[in-house]
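Read off the chains here:
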Amino acid sequence: MAMIEGHAGEQAVAAIAAYGTDVMFTLNGGHIWPLYDAARNQEMRVVDTRHEQSATFAAEAYAKLTRRPGFAALTAGPGITNGVSAVTSAYFNGSPLVVMGGRAPQGRWGAGSLQELDHVPIMQSITKLAATVTDPEQSGKMVPEAVRTALEPRRGPTFLDFPLDVFGPSAGEVPEVDENAGRGVSPDDESVARLASLLANAERPAFLVGSDVYWDGAWNELAEAAANFGVPCFFNGMGRGMLPADHDLAFLRTRGLLKQRADVVVVLGTPLDFRLGFGKFGSATVAHVVGSESQRAEHIEVTTVVGDLKTVLGVLANASGDRVDHAGWIAELREAESSARKGEVELMEADADPIKPSRIYGELRRRLERDAVVICDGGDFASYAGKFIEVFEPGCWLDTGPYGCLGNGLGYAIAARVVRPSSQVVVMLGDGAAGFSLMDVDSLVRHKLPVVMIVGNNGMWGLEKHPMQAIYGWDVACDLQPGCRYDEVVRALGGGGETVSSPNEIGPALDRAFASGVPYLVNVLTDPSDVYPRSSNLA
């Protein structure tokens, strides 16, 4: 234990900083000034935004990029409710986010103080822990509990609020860092042995790699396990980049073959939700490897292994014994992958006018470095990123996740540039998504955080308009302003940008964006008749 003097804010900041968190994301509010005082005294960086949603998304992205707890400080009442959607996204994404909120004074509760709201009942359904700190001496103990809970599989957000009258002078103990925080349970040896046997005897196995493999830091073990058994790998969420896109066992374009040809699919560290056909892969036997009992799928019967993914994959990496040769299966997938890749060339070089979204990705892919961080915020336009962007390193792919909440783009970009100052940071925005957070370009400018933003501007909510037309023959509330000059918004806020209306203008515009050294938006007017070829059952 360490005794921290001062006030409850000092204890709180010291407690989360002990776990390696060195940035607070926030929007100023008087209820949380003591947290700022502590951050200043303890030399924690404070990055403020124009909306609490962006601050909270930034804190989640910090967690995603560092695998350490993200920290958002939100003022009482509307400050906290403005962050609710981002907290919910972190809950669905399994991101270890710690939110500390202000709260009206407890000693005058019920008298109608400014922004008097009991936040805890609101937050309980979207966090792993939600509580009020009522004793200043307990702050240094409650914050570490919130951090450990956020880090423990299944990871997710936690919430503590601090009444103003808790921030008076006090001292409190802060426990030592729990070195095992974030580690899953030890897997059952027999269940891992059965999984190894299933892989060894399969003729056409596959790994489908999800975000928890990243959170467990298991990319080396994954590579070794895949090589040991000769298992091709497909990726979901932050699983992208666990093997470089050009690895012999990494596949991007042929996931559809799993339902048609695979006989065993091992899903590693991701829910069996709509993104994975709810866990059904044709006639294949499905095994599900999860970090905690709470992550067992309840809607389908599958073979389940519960335990730390790094440990499970490490055992598989060292497994010995006879096994079926998978060279033919890998060759089949590689041939299909190569064919699909060749088929992309025409799409990514499309010279059509209006511009096809695929052409944007063709130009971008030529310019992306291996450690580029690509952020997706949108519907159809962002979905093209999942189809065409190749990821080569862990932690370089940030999408909205299964909750599908738009508005993450600018918050994620703020954190990405803070955490990865030397990497390219690119935000792919649908024009609808741009409306949620574009004002936070001001935050990028103020904090000197250059990023490249690309808007696919088709003047509509494409994910809704095209399906409504197909189902009803009409649409409503689907249209946006055609040709809206989002680039002028960015320029007005101190960044740079331009509008592109011809395919051959895209590449030079991207070059100018990357070279600009400022937040720069390339506003690409795309074909409104283009329909993303969606096949997933979203419900």
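Scroll up to find the structure this text is about.
Before going into details, it helps to say that this report is about the structure given with it.

Reading the values: rules and limits
Residues numbered from 1 in each chain as written. Predicted model: local features only at pLDDT ≥ 70, side-chain atom pairs only at ≥ 80, totals over all residues. Heavy atoms only, no water. 1 Å grid on protein atoms, 1.4 Å probe; cavity = no way out; pocket = protein on both sides within 12 Å on 5 of 7 lines; lining within 4 Å. Points joined across faces, edges and corners; volume = space filled by probe spheres on them. Helix = DSSP H or I, 4+ residues; strand = E, 2+ residues; numbered from the N terminus. Nonpolar A, V, L, I, M, F, W, Y, C, P; charged D, E, K, R; others polar. Patch = residues over 30% accessible without salt bridge, like charges linked within 9 Å, V, L, I, M, F, W, Y side chains within 5 Å. Areas by Shrake-Rupley, 256 points an atom, 1.4 Å probe, with all protein chains shown as cover. Salt bridge = Lys/Arg side-chain N within 4 Å of Asp/Glu carboxyl O. Core = buried A, V, L, I, M, F, W, Y, C linked by side-chain atoms within 4.5 Å. Buried < 20%, exposed > 50% of the residue type's maximum accessible area, 1.4 Å probe, protein only. Contact = heavy atoms within 4.5 Å. Pairing = 2+ DSSP bridges. Axes fitted to C-alpha atoms, helices over the stretch in contact; angles between N-to-C directions. Parallel < 35°, antiparallel > 145°, perpendicular 65-115°, else oblique. Left-handed = near helix turned anticlockwise from the far one by under 90°. Arc of directions from axis to C-beta.

## Some words on the layout of surface pockets
Rolled over the atoms, a probe as big as a water molecule pinpoints where empty space is left.
Move 1: Computed from the structure, the second largest pocket encloses a volume of approximately 380 Å³.
Move 2: If you go around the second largest pocket, you meet 21 residues; those closest to its centre are F92, R154, P271, S294 and Q295.
Move 3: Mapped by element, the contributors of at least two residues to the lining of the second largest pocket are α5 (84-93) and β12 (285-290).
Move 4: When its residues are assigned to classes, the lining of the second largest pocket shows eight nonpolar, six polar and seven charged.

## Examining a nonpolar patch on the surface
Move 1: A contiguous nonpolar surface patch, about 470 Å² in accessible area, is contributed by I471, Y472, W474 and V476.
Move 2: You can see I471 is positioned in helix α19 (residues 462-472).

## Describing the nonpolar core
Move 1: F25, F207, L222, L268, L316 and M453 are the most contacted members of the largest nonpolar core, which totals 107 residues.
Move 2: The greatest single-element share of this core, amounting to eight residues, is contributed by helix α3 (residues 52-66).
Move 3: Setting aside residues up to four positions removed in sequence, F25 forms contacts with V47, A55, A58, A59, Y62, F71, A72, A73, I414 and A415.
Move 4: Counting 31 residues, the second-largest nonpolar core is a separate cluster that includes F388, W397, I454 and Y520.

## Things to note about the sheet that holds strand β4 (residues 70-74)
Move 1: Spatially, the six strands line up as an open sheet ordered β3-β2-β4-β5-β7-β6, and their pairing is parallel. Looking at the sheet topology across the chains shown, the edges are occupied by β3 (45-48) and β6 (129-132). Here the average twist between neighbouring strands, direction ignored, is 20°.
Move 2: With five bridges connecting them, β4 and strand β5 (residues 97-103) associate as parallel partners. Looking at the pairing, A73 lines up with M100 of β5.

## Things to note about the packing of helix α8 (residues 189-201) against helix α12 (residues 309-317)
Move 1: The N-to-C vectors of α8 and α12 enclose an angle of 50°; their axes lie 10 Å apart at closest approach. With respect to each other, α8 and α12 are oriented oblique. Our pair here, α8 against α12, has a crossing hand that is right-handed. Of the residues in α12, those touching α8 at V192, L195, A196 and L199 are V312, V315 and L316.

## Regarding empty space enclosed by the protein
Move 1: The final tally for this structure, using the stated rule, is one cavity of 30 Å³ or more.
Move 2: Size it by volume and the largest cavity reaches roughly 170 Å³.
Move 3: Considering the residues around the largest cavity, the lining is formed by 19 residues, among which F92, N93, G94, S211 and R275 are closest to the centre.
Move 4: The biggest single contributor to the lining of the largest cavity is helix α9 (residues 211-215), with three residues.
Move 5: The residue inventory of the lining of the largest cavity, partitioned by class, reads five nonpolar, nine polar and five charged.

## Digging into helix α10 (residues 219-229)
Move 1: If you check which residues of α10 are buried, you get E221, L222, A225, A226 and F229. The arc that holds every buried residue of α10, seen down its axis, measures 130°, which confines them to one face.

## A short note on the pattern of salt bridges
Move 1: Taken as a whole and judged by the stated rule, the model has 37 salt bridges.
Move 2: R341 serves as the salt-bridge partner of E390, at 2.4 Å between the closest nitrogen and oxygen. You can see E390 sitting in the loop between α15 (380-388) and β15 (397-398) and its partner R341 sitting in helix α13 (residues 327-348), a full 49 residues away along the chain.
Move 3: Given the relative accessible area of 36%, R341 is considered partly exposed.
Move 4: A cluster of three or more residues bridged by salt bridges with shared partners is formed by E349, D351, R359, E363, R366, R367 and D511.

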